[in-house]
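Architecture and fold: a report
Residues per chain, in single letters:
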Amino acid sequence: MLAPSYQKLKDILSVSIDPKRILTNPLQTLAYGTDASFYRLIPKIVILAHNETEVIEIIKQAKLLDIALTFRAAGTSLSGQAITDSVLVVATHGWKNQELFDNNQKIKLEPGIIGARANIFLAPHGLKIGPDPASIGACMIGGIVANNASGMCCGTAQNSYQTIADIRIVLHDGTILDTADAQSITAFKKNQTALIQEIESLRDEIKGNETLYNQIKNKFKIKNTTGYSINALVDYQEPIDIIKHLMVGSEGTLAFISNVTFKTVIDEKYKSCSLIFFNTIQDACNATILLKSSPVAAVELLDRESIRSVENDDDAPDYFKTLPESACALLVECRDNDLVVLKQKQEQIRLQIQSIPTYTEYKFTSDPKQYYFNWKARKGLLPTVGGLRKNGTTVIIEDVAFPLPQLADACLELKDLFKKYEYHDAVLFGHALEGNLHFVFSQDFSNQAEVDRYEKLMSELAVLVVDRFNGSLKAEHGTGRNMAPFVEKEWGSTAYEIMKRIKNIFDPNNKINPDVLINPDPKAHLKNLKPLPECNDIVDKCMECGFCEPHCVSEGLTLSPRQRIVIAREISRLEESKDDPQRLADIRKDVTYQLDETCATDGLCALACPVHIDTGKFVKTWRAKELDSGNKKMAAYIGSHMAGTTSILRFGLKIVSFFHAILGTSVMTALSNLSHFITFGKIPKWIPEMPKGADKINTKN
C-alpha cells in the first residue's frame, strides 16, 4: 500500500496521465527500477512519461507533496546514477523526435533516442554525434548528456560537453529554459533573477580565486566527470552558457532534459584499425605517448586479462591463448575520407612507434570481419568479463584518468592494488590516449567481509588516483552513488562547496535525484547493494547491462529481457529466503503475462548480448516449469499430432470466418466479448484481424 502522499500523487497524476503508465505493482516497480549498476532501490511509483507536458505536471505535483523524483532514459549507467526508492520518471517511449538543421551542422534529439539511432539519422550525411560510448547501441541521449559521455574515438574534444549546442530543461518548479529560444532565455532571465545572480556570483568567485581557477583548469585537461562540470564556470561568461554546460554531467540532479542539440561531427568514410601487441604494459603506455601526436582516431589499451576474456570468441585468433602474461595490446584506429591519406596515416603511425618493439608484426585492417572483431573485443569487455564471473557475484567497473606521462606507472600500481586485495580477475582496459582506464572485477556483496574488502579497495584507490597521480576518480562514467562519497576527496573543500551551492541553486529542497553526486554519507557506496542470486544457468551470467533491450520486440509492451531476468532472480531469491511471502505472491500474480506470455522467445536478445544470453530460451524453460502435468500431456499430444491439429484449426478458422461474413464485425465482436466473459476467459476473444483458415498445402507436387 502506498503512503498517503504517494497515493495522492498517483491519484492526481492519473487525471492527466494514462493510469496504465503509472506503475505501482511490485513486479513493475522492481523491473523498471533496476539499472545496470550494482545498486538497487525499488521505486514506490514508476511513471512512464511520454512528453514534456506530463513531466512538468509530475514535477509540480511532486513539489507540492514534497516527493523526490529521479529521471531515467535507458538505465545503462553503471554507478547508481538513476535509481530511487521514491518516484522514477522514465523518459524512454514517446521521446524519439529528432531534427537535423543548420545545413546538417546540428541535430536536436529527445532523451529517449538511442545513441546509435541518432548516428543512423546522420550516417547518410557522413556525420555522427560526438560522444561514442561503448554502450552507444543501448544508451540514450538523455543519459549520454546527463553523464557527459565521451567514448573511444571522441576524446575530450568531441564529448557531450564540447559538442552540445543547446538544451531544453525543466527545473524543479516546472520552469522551462530552452537555450535555443531567445524568448525562453529572455523570460528565464526575467523570472529567475536570483538563480542568474547566483550563477554569476559563483563564476566571479572562481575567477577571483587564482588557486581554484587553476585547479579547475588543470583537472579538466584530462577526462573528468567527478562531481559537477564546474569548468563551465571557468570556460564561459554568460550565465545561460554556464547553465547549459552545467547540465552536462549533472546526472539528472539539477533538471529534466527535454531535448538537446548537438553539433554534428564528421564520420570519416574510410576506417582501419590494428590490434598491436607489446611485450609489456609499460611499452604499450610509452607507445601511447608517442601516438598522441600522430594521426590516430583512437588508441585503446587492453591488458593481458582483457585479451584472455575474449580468447574463446569464435573469431579470436589462436595466438591469443599463447600470449605471455606480460603482454598488452593497443587497438589503434585511423580514419579519413580519402583512402590515400588513410594509408599515409597508417604509415605515419607505424613510423611514430617504431622505436618500441612489438610482440608480433601488425597490420591495419579494413576487412569488415576482422575490423568488427577488434572493436567487438573492446566494446564488449565489460559484459564479457561480467559473464565470466562467479554466479552470485556482481561486476563492478570503475573508470579513472591519469596524466598521460604517468599512465604506465599508474597501470602498474593499479595492478598491484588488485593483487593486494586479491581481485585476481580484475581486467584493465580503456582509452589510453586520454589516460583513461577502466577496470572491471567481480565482487561478492553477500557477506560483510566482502563488503569490507571492497571498502578498503575503494579507499586506497582514491588515495592512489588523487594523492599519488592527481588524476580523476571518474573520467566518463559519471559520479553516481559509488563515487559520491569521494567527490570532496578529489576536489577539496573549496570546490566541493561550489558544487553543493550548484545543487542548491537548481534544487533547493534536494528533491531531484537526491544522494547522487552530492552525498554527505561517507558509506553511501556500500549501501543498497543489488542482490544477484543464482536463478537459472541460462541467465545467471547476466549483469543487467541492458544491451538487449533495443532488440526486444516486447520491450515497452511488458518487460525487456533484462527485466525478465531481474524478476526471475527476485522470485528465486524470495523463494529461497522465504522472507516476504506476500511480496512473492504479489510478483507471482503478474509474472505469467509480464514475463512469460508476452515474450516472443525469438532469441533476438542473444544477438545483442555480449555473453549471448538467450532470454527467450530461458522463458521456454520457465514455461515448461510452470506447466502442470495435464498441460504437458496436452502439449505432447499436440506435438505428436500436428497434422490433425492444424487441420482442426484450419476448419475452425473457416467456421469463424463464415459467421463473421454473416453477422458482421459489430455483432461478431459483441458475441466474442460475451463468450469470453461468461467463460472466464477460457474462450479467446475474436478480433477482425484474425486470419481465415487456409487451404491445405499440397506437398505431393
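Residues numbered from 1 in each chain as written. Predicted model: local features only at pLDDT ≥ 70, side-chain atom pairs only at ≥ 80, totals over all residues. Heavy atoms only, no water.

Here we come to a nonpolar patch on the surface. Taken together, Phe651, Ile655, Phe658, Phe659, Ile662, Leu663, Val667 and Leu671 make up a surface patch of nonpolar side chains, about 750 Å² in accessible area. Checked against the element boundaries, leucine 671 lands in helix H26 (residues 642–678). (Patch = residues over 30% accessible without salt bridge, like charges linked within 9 Å, V, L, I, M, F, W, Y side chains within 5 Å. Areas by Shrake-Rupley, 256 points an atom, 1.4 Å probe, with all protein chains shown as cover. Salt bridge = Lys/Arg side-chain N within 4 Å of Asp/Glu carboxyl O. Helix = DSSP H or I, 4+ residues; strand = E, 2+ residues; numbered from the N terminus.)

With that settled, consider the pairing of strand E10 (residues 256–263). Counting buried positions along E10 yields 7 of 8 residues, so the element is predominantly enclosed. Where strand E6 (residues 106–109) lies against E10, 4 bridges are found, and the strand directions are antiparallel. If you follow lysine 106 over to E10, its bridge partner there is lysine 263. Here strand E8 (residues 164–170) runs beside E10; their pairing, made up of 6 bridges, is antiparallel. Of the residues in E10, the one forming a bridge with arginine 168 is asparagine 259. (Buried < 20%, exposed > 50% of the residue type's maximum accessible area, 1.4 Å probe, protein only. Pairing = 2+ DSSP bridges.)

With that out of the way, let us pick up the nonpolar core. Judged by nonpolar contacts, the single largest core of 59 residues is most densely connected at Leu291, Leu330, Val332, Phe402, Leu414, Leu437 and Tyr454. With 9 residues, helix H18 (residues 448–468) is the single largest residue contributor to this core. Beyond its immediate sequence surroundings of up to four residues, tyrosine 454 is in contact with Phe38, Ile396, Tyr423, Phe441, Gln443, Phe445, Asn482, His525 and Leu526. With 57 residues, the next largest nonpolar core counts Leu122, Leu212, Leu246 and Met247 among its residues. (Core = buried A, V, L, I, M, F, W, Y, C linked by side-chain atoms within 4.5 Å. Contact = heavy atoms within 4.5 Å.)

Locating threonine 225 in the fold gives a position in the loop between helix H9 (210–219) and helix H10 (232–235). A polar atom in the side chain of threonine 225 sits 3.3 Å from the backbone nitrogen of glycine 478. Setting aside its immediate chain neighbours within four residues, threonine 225 contacts Asn147, Asn148, Glu251, Lys474, Ala475, Glu476, His477, Gly478 and Thr479. (Polar contact = N/O pair within 3.5 Å; in protein donor to acceptor, adjacent residues only side chain to side chain.)

Ordered by their spatial adjacency, 5 strands build an open sheet running E5-E6-E10-E8-E9, and the pairing between neighbours is antiparallel. At either margin of the open sheet sits one strand with a lone partner, and together these are strand E5 (98–101) and strand E9 (176–178). Each strand axis lies, on average, 15 degrees off the axis of its neighbour in the sheet, ignoring direction. Where E8 meets E9, 3 bridges bridge the pair, whose relative direction is antiparallel. Looking across to E9, one finds that isoleucine 169 is bridged to leucine 177. Each of E5 and E6 is contacted by helix H4 (residues 115–122), which is oriented at about 140 degrees to E6, the strand it contacts most. Contacts between helix H11 (residues 239–247) and the sheet are confined to E8 and E9, with E8 contributing the most and set at about 80 degrees to the helix. (Axes fitted to C-alpha atoms, helices over the stretch in contact; angles between N-to-C directions.)

Moving on, we come to the packing of aromatic side chains. Inspection of every chain in the model, using the stated rule, returns 21 aromatic pairs. Just above the ring of tyrosine 362 sits the side chain of arginine 350; from NZ or CZ to the centre is 4.3 Å. In this structure, arginine 468 is placed above the aromatic ring of phenylalanine 469, and the distance from its NZ or CZ to the ring centre is 4.5 Å. (Phe/Tyr/Trp six-rings, centres within 6.5 Å; stacked < 30°, edge-to-face > 60°. Lys NZ or Arg CZ within 6 Å of the ring centre and 35° of its normal.)

Glancing now at helix H7 (residues 182–191). Every buried residue of H7 is listed here: Ser184, Ile185 and Phe188. Along the long axis of H7, the arc covered by the buried residues comes to 100 degrees, so they all point the same way. Those residues of H7 that are exposed and angled more than 90 degrees off the buried face are Ala182, Gln183, Thr186 and Lys190. Against E9, helix H8 (193–207) and H11 lie the buried residues of H7. Taking the backbone nitrogen of glutamine 183 as reference, a side-chain oxygen 2.9 Å away marks aspartate 181 as the first, capping residue of H7. (Arc of directions from axis to C-beta.)

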